[in-house]
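Report on the structure
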Amino acid sequence: MTITMSNTRRGLPLTSSRIEKIFPKLTPAQIDRITAYGRMRSVQPGEVLIEQGDTSVPFFVVITGEVEIVRPFGAYETLVTVHGYGEFTGEANMLSGRRSFFRARATKPGKVIELDHQQMQTLVQTDAEISDILMRAFILRRVELIAAGVGDIILIGSTHSAGTLRIKEFLMRNGHPYSYIDLERDADVQNLLDSFKVSASEIPVLICRGQLVLRSPSNLQIADCLGFNESIDQTQVRDLVVIGAGPSGLAAAVYGASEGLDVLVLETSSPGGQAGSSSRIENYLGFPTGISGQDLAARAYLQAQKFGAHVLIAKATRLICERKPYIIELENGTRISTRTIVIATGAQYRKLPLENLLRFEGAGVYYGATFVEAQLCGGEEVIVVGGGNSAGQAAVFLAQTTKHVYMLVRSSGLTATMSRYLIRRIENSPTITLRPQTEIVAVEGDNHLDSVYWRNSQTGQTEKHEISHIFIMTGADPNTRWLDGCIELDAKGFIKTGPDLSPENLSATGLPITRQPYLLETSLPGIFAVGDVRGGSIKRVASAVGEGSIAISFVHKVLQE
Ligand SMILES: Cc1cc2nc3c(=O)[nH]c(=O)nc-3n(C[C@H](O)[C@H](O)[C@H](O)COP(=O)(O)OP(=O)(O)OC[C@H]3O[C@@H](n4cnc5c(N)ncnc54)[C@H](O)[C@@H]3O)c2cc1C
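Residues numbered from 1 in each chain as written. Predicted model: local features only at pLDDT ≥ 70, side-chain atom pairs only at ≥ 80, totals over all residues. Heavy atoms only, no water.

**A closer look at the overall build of the protein chain**
- The number of helices and strands found in the protein chain is 15 helices and 29 strands.
- Taking 24 Å as the expected radius of gyration for a compact globule of 561 residues, we find that the protein chain reaches 25 Å, a close match to that expectation.
- Each principal axis of the C-alpha atoms in the protein chain carries an extent, and together these give about 80 × 65 × 45 Å.
- Across the 561 residues that make up the protein chain, the buried fraction comes to 56%.
- Pairs at least 24 apart in sequence give 67% of the contacts found in the protein chain among residues at least 6 apart.
- Between the centroid of the 54 positive side chains of the protein chain and the centroid of its 58 negative side chains there is a distance of 3 Å. (Helix = DSSP H or I, 4+ residues; strand = E, 2+ residues; numbered from the N terminus. Rg over C-alpha atoms; globule rule 2.2 N^0.38 Å. Buried < 20%, exposed > 50% of the residue type's maximum accessible area, 1.4 Å probe, protein only. Contact = heavy atoms within 4.5 Å. Lys, Arg positive; Asp, Glu negative; His and termini not counted. Charge placed at Lys NZ, Arg CZ, Asp CG, Glu CD.)

**Concerning the pairing of strand β26 (residues 462–465)**
- Direction of pairing for strand β25 (residues 449–456) relative to β26: antiparallel, over a ladder of four bridges. When the sheet's bridge partners are listed, Y453 is paired in β26 with K464.
- Two successive antiparallel strands, β25 and β26, enclose a turn made up of five residues, where G460 displays a positive phi of approximately 80°. (Pairing = 2+ DSSP bridges.)

**Side note on the environment of R33**
- Its location among the elements puts R33 in helix α2 (residues 28–35).
- Taking C-alpha positions, R33 is 8.9 Å from I130, a pair spaced 97 residues apart along the chain.
- Discounting chain neighbours no more than four positions away, the residues touching R33 are D127, E129 and I130.
- Polar contacts involving the side chain of R33 include one to the side chain of E129, which spans 2.7 Å. (Polar contact = N/O pair within 3.5 Å; in protein donor to acceptor, adjacent residues only side chain to side chain.)

**Side note on empty space enclosed by the protein**
- Considering all chains together, one arrives at three cavities of 30 Å³ or more under this definition.
- Taken as a whole, the largest cavity holds about 300 Å³ of empty space.
- Lining the largest cavity are 23 residues, and of these I69, T89, G90, E91 and F102 lie nearest its centre.
- For the lining of the largest cavity, the secondary-structure elements that each account for two or more residues are β6 (76–83), α3 (93–96), β7 (103–106) and α5 (128–148).
- The element contributing the most residues to the lining of the largest cavity is β6, with three residues.
- Classifying every residue of the lining of the largest cavity by side-chain character gives 12 nonpolar, six polar and five charged. (1 Å grid on protein atoms, 1.4 Å probe; cavity = no way out; pocket = protein on both sides within 12 Å on 5 of 7 lines; lining within 4 Å. Points joined across faces, edges and corners; volume = space filled by probe spheres on them. Nonpolar A, V, L, I, M, F, W, Y, C, P; charged D, E, K, R; others polar.)

**What about the pattern of salt bridges?**
- Evaluated as defined, the whole model comprises 23 salt bridges.
- As a salt-bridge pair, R105 and E77 come within 2.6 Å of each other at their nearest N and O atoms. Taken together, the positions of R105 in strand β7 and E77 in strand β6 put the pair 28 residues apart, joining distant regions of the chain.
- For R105, a relative accessible area of 15% gives the class buried.
- Overall, E77 belongs to the buried group, its relative accessible area being 9%.
- With a shortest N-O distance of 3.2 Å, R350 and D477 are connected by a salt bridge. Pair noted here: R350 is in the loop between β19 (347–349) and β20 (365–366) and D477 is in strand β28 (residues 476–478), with a separation of 127 residues, a long-range link.
- Given a relative accessible area of 37%, D477 falls into the partly exposed group.
- Ionic contacts of the salt-bridge type, sharing partners, join the residues E51, E68, E77, R103 and R105 into one network. (Salt bridge = Lys/Arg side-chain N within 4 Å of Asp/Glu carboxyl O.)

**Side note on the sheet that holds strand β12 (residues 212–215)**
- Across the sheet, which stays open at both edges, the four strands sit in the order β10-β9-β11-β12 with mixed pairing between neighbours. Looking along the sheet, the strands with just one partner apiece sit at the ends: β10 (179–182) and β12. Across this sheet, the average inter-strand angle for adjacent strands is 20°, counted without regard to direction.
- Of the strand pairs in this sheet, strand β9 (residues 153–157) and β10 are connected by four bridges, and their pairing is parallel. The partner of I156 across the bridge, within β10, is I181.
- Strands β9, β10 and β11 (205–208) of the sheet are contacted by helix α6 (residues 162–173), whose axis makes an angle of about 155° with β9. (Axes fitted to C-alpha atoms, helices over the stretch in contact; angles between N-to-C directions.)

**Some thoughts on the nonpolar core**
- In this structure, I34, F59, V61, F88, L134 and F138 are the most contacted members of the largest nonpolar core, which totals 38 residues.
- No other element matches α5, which puts seven residues into this core.
- Non-local contacts of I34, meaning those with residues more than four positions away in its chain, are made with L26, F59, V61, I113, L115, L123 and I130. (Core = buried A, V, L, I, M, F, W, Y, C linked by side-chain atoms within 4.5 Å.)

**Things to note about the site of the ligand**
- Near the ligand lie 35 residues; those nearest to it are S248, E267, Q274, N283 and Q393.
- Within the backbone of Q274, a nitrogen or oxygen atom sits 2.8 Å from an oxygen atom of the ligand.
- A distance of 2.8 Å is found between an oxygen atom of the ligand and a backbone nitrogen or oxygen belonging to V541.
- In isolation the ligand exposes 1,000 Å². Once the protein is present, 92% of that is buried. (Near = heavy atom within 4 Å. Areas by Shrake-Rupley, 256 points an atom, 1.4 Å probe, with all protein chains shown as cover.)

**A closer look at the state of the cysteines**
- All told, the structure shown has two disulfides when counted by the stated rule.
- In this model, C208 is linked to C225 through a disulfide, with the two sulfur atoms separated by 1.8 Å. Of this pair, C208 sits in strand β11 while C225 sits in helix α8 (residues 219–225), and the two are 17 residues apart along the sequence.
- According to the relative accessible area criterion, C208 is buried, its value standing at 0%.
- The disulfide partner of C321 is C486, and the gap between their sulfur atoms is 2.1 Å. Taking the torsion about the sulfur-sulfur bond, which here is approximately -95°, the covalent link between C321 and C486 counts as left-handed. Of the two residues, C321 is situated in the loop between β16 (316–320) and β17 (326–330) and C486 in the loop between β28 and α14 (503–507); the sequence distance between them amounts to 165 residues. (Disulfide = S-S within 2.5 Å.)

**A look at helix α10 (residues 293–306)**
- In this model α10 runs 20 Å from its N-terminal to its C-terminal C-alpha over 14 residues, within 8% of the 20 Å that 1.5 Å per residue would give.
- Most of α10 is tucked away: 10 of the 14 residues are buried.
- Taken from the residues just after α10, G308 is the one with a positive phi, measuring 100°. (Expected span 1.5 Å × (residues − 1).)

Encoded structure:
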């Protein structure tokens, strides 16, 4: 049975101004050019062209007849859209090769142009005009699906559960649309739980494609269920493996892949890194009104895929560096071989020294201030801890939707640590109060944080506040422990590169370099470090992007040696 989401040919509730961009009609000249990359074929009514869950699906342009796109769930189908003459199938998964969310089926006898996954990638890499139309449509379709919560999974959770927040963030930051059903708010939830034989105590629960039920799944289990890693060959020796998909890693992937290298990116959780948790980046060149970290990351991720880089959601846990090709071991034991490596693993948030803090992570204690967290504390009082730019941005952002923001800093003010423009906004905001020389000394709550004790180091006075949300923005430590002695680090654990390496550093490694190390090259030949993980780096998005792109020119030199 097919349920239509609205009474038009478009299942999604779209505004007419966007329809033309989301479902553009190709011109006869454009259709002719696309035909040269694939083949024309006939279709029959009822013929399924793409099945939900298929990977590396083909791309279709409708010439005659119609192709409907539906979301299957059990015995039901929900209509997403119907493509007619000159319209084409696909959304962002078309480029990544990940599982299709939907079923595509011909409804009338007709003709379509078909391009397989590889032909489709060649098309977007060579025809700039068509690439522009397709890329914009794919991005907008994905945005629309995310906004409407229409995808291939259902998350059943609770706003009081840290696990639910983690999964929501993982899905949001991977740009994966999902329907959310809340245990406390949705009346029909019991029927759904019963039909999948799940009890309320097992939430968060994820239902993949109406078939697989995951109870409180890890990020890796979700990635497996959604087939994030399925279409990627993990056995071939790569030209370049980039570890970390923050701004620096994504830049290395875009430049490497666009310059013809065979690039694999490894990312523990989701593309974007620290920048992905920034509510608004206002100092990145070319975005005068600012851009959310999530938006920037999503664009860069798609750009890397457009040029053919593969992104594997997996954690690198060990580097085997005695000989070349180098080997990177993943959490699940898989080994990836590569001729060169760009380490872009960034840094990790510092926590507050409170013994029960961990209990409230995701349930009142957060390390990023995106709209997901902002929704959880709308209209309430919140605390932001830290005096750097990320804390300042979080305070300004949260002040728009919360009742009041208390900024707690250990020092006597903000001037030494924060950009002037942010200080001015904080000073001018009636809903932000700065508490200098103040530290949190205890937190309390049952399932969710409900009170905070802070102490003024000048007066020695401790106050209790019934506040349920703390945003901790107190800096970060480098993600280098997994390197386990392979590469020279500085005293704080950041990676030493180029001119910072002493002759002793260079001779200490098993594979000494016979030339001077290149800029950004580590103590091992052909292994580079970029962005926040590199000793002496400027901790900014623009510098991370710059370093990621610069490293590629040296990767080429190493590959030619
Ligand atoms: C809240 C916030 C706001 C900010 N706002 C701004 C701003 O407005 N302007 C600005 O210029 N800068 C800003 N910054 C700083 C900026 O985000 C960072 O300098 C930048 O993200 C560094 O990029 P990176 O790629 O080096 O590392 P990261 O962004 O830290 O990315 C590293 C990536 O590597 C992954 N990773 C780590 N270990 C492994 C492993 N073993 N295997 C696989 N993957 C791994 C991580 O999951 C992560 O995705 C902000 C930072 C934060 C936290």
